Amino acid sequence: MLTAIAAAFLGGLILNLMPCVFPVISLKALSLIRHHDKPAHARAEGLAFLLGVVVTMLALVAVLLLARAGGASVGWGFQLQSPLVIALLILVMLASALNLFGLFEIGLSLQRAGEVGGDRGGLVGSALTGALAIVVATPCSAPFMASAVGYALTQPPAVSLVIFIALALGFAAPFTLISFFPVLARVLPAPGAWMITLKHGLAFPMLGAVGWLIWVLERQAGSAALAAILACCLLLSFAAWLYGMAQKRRMMGRRHWALHLATAVFVLLLVPPLINLKSAAAPEERAEGAVAAAAVAWSPQNVDAIKGQGKPVLVNFTASWCITCQVNDRTSLSTQAVKSAMARTSTIYMVADSTKYNPDVEQALSDFGRGGLPLYVVYPANGGKPVVLPQVLTPGIVISALEQAAESGKKT
């Protein structure tokens, strides 16, 4: 248990460096710069961020454990298997980007409406940033996390909660420590007009996250869902623009209630297409490159029928929302060297897709002691014990595993 706690804490630290978390890191960086000369405010925001991370983690874990207790096979990052959750995250990220661009402001008084930030709403904003960060981070699996999460999901609820809290503490630790030790933030430049430019620049990673999530949604629910979320993005952007105009009119002492009413109307127009996403039909299966085109459909029954028949079997447990999976596909599994190795060893390649909820995939992850993606399993040609590959692949790792799996068949 102590090993799992330590692994979860280290995994949480490393999770800050994963690409799926980077857009939200920009919000934390802006907050640090804004308050680097106000230690008391920095400490308060550090604690608020920590609270947002821990509370959201506990909420996610509670839902996860309740679902598993009810017989559902769900794992780490389960919330991104829902098109509705993906759509809500897209709109939150888009609203954050528009706010960073200055289209509208949140939590500012009349006197501070033109500044980069303010004290009012700062703590709530930090807590919400922490909540958003942990929701976006869960689909990623950093080193040390796989075994810790897998162990946690096989333990009693109290033990699981302790391990997941350690993960949350590790994730929040860098920002919280910097906020409590001003000496670490002294390397930051003094606040000034340059922060406006930085604030605008930090909006682009948020827009990058929006693009990624829209792609994931289209993979999950098809072109109808794509059209719906694009319409929602347009409505939200127009509502944000109206709200920003209302703020400016309020600053000048003019009436702004009509603009607020129009903003509310456009926000309400988002509800019908979002509700329809809950019943969106899954798109037809599509090939992802030459390797996926030659893949055999995965199922537990297919694995049982194929393994031990004199050919190695490589199973790729993946999902569109898993960035680590996508990177491994392009840097290792889709390379010509790996394709040649598959042909040379007569390897049967199978893809287990968890972009949408698949109970068989979730059960397989649990059987291998993993709480989430990615997972790569090689079954030896002689039907021996399957080998689990590292979460971060290289062509050499895959080729070596395939050659050893094929060699086992020759020995028998």
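- Looking at an unreviewed UniProt entry, one finds the chain named Thioredoxin family protein and attributed to Pantoea piersonii.

A word on the overall build of the chain
Alright, step 1. Scanning the chain from N- to C-terminus turns up 18 helices and five strands.
Alright, step 2. Taking all 412 residues of the chain together, the buried fraction comes to 49%.
Alright, step 3. Across the chain, every contact between residues at least 6 apart in sequence was considered, and the portion connecting residues at least 24 apart equals 79%.
Alright, step 4. Total accessible area on the chain is roughly 18,600 Å²; 68% of this is exposed by carbon and sulfur atoms.

Considering unusual backbone geometry
Alright, step 1. Unlike most non-glycine residues, Ser-346 shows phi in positive territory, near 55°.
Alright, step 2. Following the sequence through the fold, Ser-346 ends up in the loop between helix 16 (336-344) and strand 3 (348-353).
Alright, step 3. By relative accessible area, which is 37% here, Ser-346 ends up partly exposed.

Notes on the state of the cysteines
Alright, step 1. The full count for this structure, using the stated rule, is one disulfide.
Alright, step 2. Linked covalently through their sulfurs, Cys-322 and Cys-325 form a disulfide whose S-S length is 2.3 Å. Given an S-S torsion of about 80°, the disulfide between Cys-322 and Cys-325 has right-handed geometry. Just as Cys-322 is buried, Cys-325 falls in that class too.
Alright, step 3. Distance from the sulfur of Cys-232, which forms no disulfide, to the nearest cysteine sulfur (Cys-233) is 7.1 Å.
Alright, step 4. Judged by its relative accessible area of 11%, Cys-233 is buried.

Things to note about the nonpolar core
As a rule of thumb, soluble globular proteins bury nonpolar side chains together.
Alright, step 1. In terms of nonpolar packing, the biggest core is built from 100 residues, with Ile-90, Phe-164, Ile-229, Trp-298, Leu-314 and Phe-317 touching the most fellow members.
Alright, step 2. No other element matches the 17 residues that helix 10 (residues 203-251) contributes to this core.

Examining the packing of aromatic side chains
Each aromatic ring pair is characterised by the separation of its centres together with the angle its planes make.
Alright, step 1. For the structure on display, the rule yields five aromatic pairs.
Alright, step 2. On the numbers, 5.3 Å between centres and 85° between planes, the contact of Phe-101 with Phe-204 is edge-to-face. Remark: Phe-204 occurs in helix 10 and Phe-101 occurs in the loop between helix 4 (83-100) and helix 5 (122-137); sequence separation between them is 103 residues.
Alright, step 3. Relative accessible area serves as the criterion here: at 30%, Phe-101 is assigned to the partly exposed category.
Alright, step 4. By relative accessible area, which is 53% here, Phe-204 ends up exposed.
Alright, step 5. An angle of 70° between the planes, with centres 5.4 Å apart, marks the rings of Trp-298 and Phe-317 as edge-to-face.

Focus on the UniProt feature "transmembrane region" (unreviewed entry) in the chain
Alright, step 1. Within this structure's numbering, the places UniProt gives as "transmembrane region" (unreviewed entry) are residues 6-25, 46-66, 86-110, 122-146, 158-184, 196-217, 223-245 and 257-275.
Alright, step 2. Within the segment residues 257-275, helix and strand shares are 89% and 0% respectively, and the terminal C-alpha atoms sit 28 Å apart.

Topic: the sheet that holds strand 4 (residues 375-379)
Alright, step 1. Read from one edge to the other, the open sheet built from five strands follows the order 1-3-2-4-5, with strand pairing classed as mixed. Lying at the two open borders of the sheet, with one neighbouring strand each, are strand 1 (296-297) and strand 5 (387-388).
Alright, step 2. Pairing geometry for strand 1 and strand 3, over two bridges, is parallel. Bridge pairing in strand 3 places Val-296 opposite Met-350.

What to know about the packing of helix 1 (residues 2-15) against helix 7 (residues 157-180)
Alright, step 1. One way to put it is that helix 1 packs onto helix 7 with a least axis distance of 7 Å and a crossing angle of 35°. Relative to helix 7, the crossing made by helix 1 is right-handed. Between helix 1 and helix 7, the contacting residues are Ala-4, Ile-5, Ala-8, Phe-9, Gly-11, Gly-12, Leu-13 and Leu-15 on the first element and Val-162, Ile-163, Ala-166, Leu-167, Leu-169, Gly-170, Phe-171, Ala-173 and Pro-174 on the second.
Alright, step 2. For the contact of helix 1 with helix 7, a count of residues per class yields 14 nonpolar, three polar and no charged.

Conventions adopted
- Residues numbered from 1 in each chain as written.
- Predicted model: local features only at pLDDT ≥ 70, side-chain atom pairs only at ≥ 80, totals over all residues.
- Heavy atoms only, no water.
- Helix = DSSP H or I, 4+ residues; strand = E, 2+ residues; numbered from the N terminus.
- Buried < 20%, exposed > 50% of the residue type's maximum accessible area, 1.4 Å probe, protein only.
- Contact = heavy atoms within 4.5 Å.
- Areas by Shrake-Rupley, 256 points an atom, 1.4 Å probe, with all protein chains shown as cover.
- Disulfide = S-S within 2.5 Å.
- Core = buried A, V, L, I, M, F, W, Y, C linked by side-chain atoms within 4.5 Å.
- Phe/Tyr/Trp six-rings, centres within 6.5 Å; stacked < 30°, edge-to-face > 60°.
- UniProt positions renumbered as here; feature names shortened; annotations may be inferred.
- Pairing = 2+ DSSP bridges.
- Axes fitted to C-alpha atoms, helices over the stretch in contact; angles between N-to-C directions.
- Left-handed = near helix turned anticlockwise from the far one by under 90°.
- Nonpolar A, V, L, I, M, F, W, Y, C, P; charged D, E, K, R; others polar.

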